[in-house]
Amino acid sequence: MEVAIEKSWKELLQPEFEKPYFEDLTHFVKHEYKHGTVYPPGKLIFNAFDCCPFDACKVVILGQDPYHGPGQAHGLCFSVNDGIPKPPSLVNIFKEIKEDLGKPIPQSGNLERWAVQGVLLLNATLTVRAGEAGSHQKKGWETFTDAVVQKINAEKDGVVFLLWGKYAQEKGKIIDESKHHVLKATHPSPLASKWGGWFGCRHFSQTNEFLVGQGKESIDW
């Protein structure tokens, strides 16, 4: 099957594109876009991969679903387009960065600037029906993104995985922690962070310390 995705990922993931589940998923997604409003725009479904080629990937952040409100989702987990109000989880991410690194909270919630530095901002499910959280779960996307995590785990070394919340931590169970650096915290959503475990996690400084220790460039968060 022909999939429009960045060439290094395309080569790596081509076996997935040939599997029956991915063909079924493609039919489902095309039908959804044709008969309703789906986010992100079709050309941005694989934006996380397009912004962060496989060889450049040194940090992985695992999300769950794309945002399901107008103009929000653009294919990068936790990120919103320029000019769109920052969702509560992203507000808390920026608050932690400010406390951890002393960086001012940016006006824009667009995290593409992270992606182009080697941060793969990967949602478990890459599409969603407008206004219906979770509407494209269990249709095949999770199988595909599990395969992505498995490929990174098997074929790279020293990647930092940021696993925020129970869902991401379950998905990340396949990661070999003897090869990679795994950091876990509660989800940055207001409800989860209220109970502690998000603020003060210092994942951003810890990520940079680990990268620099490997001789890699730190991330300008």
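You'll find the structure just up there.
About the thresholds
- Residues numbered from 1 in each chain as written.
- Predicted model: local features only at pLDDT ≥ 70, side-chain atom pairs only at ≥ 80, totals over all residues.
- Heavy atoms only, no water.
- Pairing = 2+ DSSP bridges.
- Helix = DSSP H or I, 4+ residues; strand = E, 2+ residues; numbered from the N terminus.
- Axes fitted to C-alpha atoms, helices over the stretch in contact; angles between N-to-C directions.
- Buried < 20%, exposed > 50% of the residue type's maximum accessible area, 1.4 Å probe, protein only.

> Sorry, what's going on with the sheet that holds strand β3 (residues 119-123) here?
One key point about sheets: their strands pair by backbone hydrogen bonds, in either a parallel or an antiparallel sense. Here we have four strands laid out as an open sheet, ordered β3-β2-β5-β6, and parallel in their pairing. Since the sheet does not close on itself, it has two edges, and those belong to β3 and β6 (181-185), each with one partner. Going from strand to strand, the sheet's axes swing by 20° on average, the running direction of each strand aside. As paired strands, strand β2 (residues 59-63) and strand β5 (residues 160-164) are joined by three bridges and run parallel to one another. What sits directly across from Val59, in β5, is Val160.

> Before we go on, may I ask you to explain unusual backbone geometry in this structure?
Cis geometry is adopted by the peptide bond preceding Pro40, which originates at Tyr39 and carries an omega value of -5°. Along the chain, Pro40 turns up in the loop between β1 (38-39) and α3 (47-51). Unlike most non-glycine residues, Phe78 shows phi in positive territory, near 70°. Within the secondary structure, Phe78 sits in the loop between β2 and α4 (88-101). For Phe78, a relative accessible area of 9% translates into the label buried.

The quantities given are spatial measurements derived from coordinates; they are silent on function.
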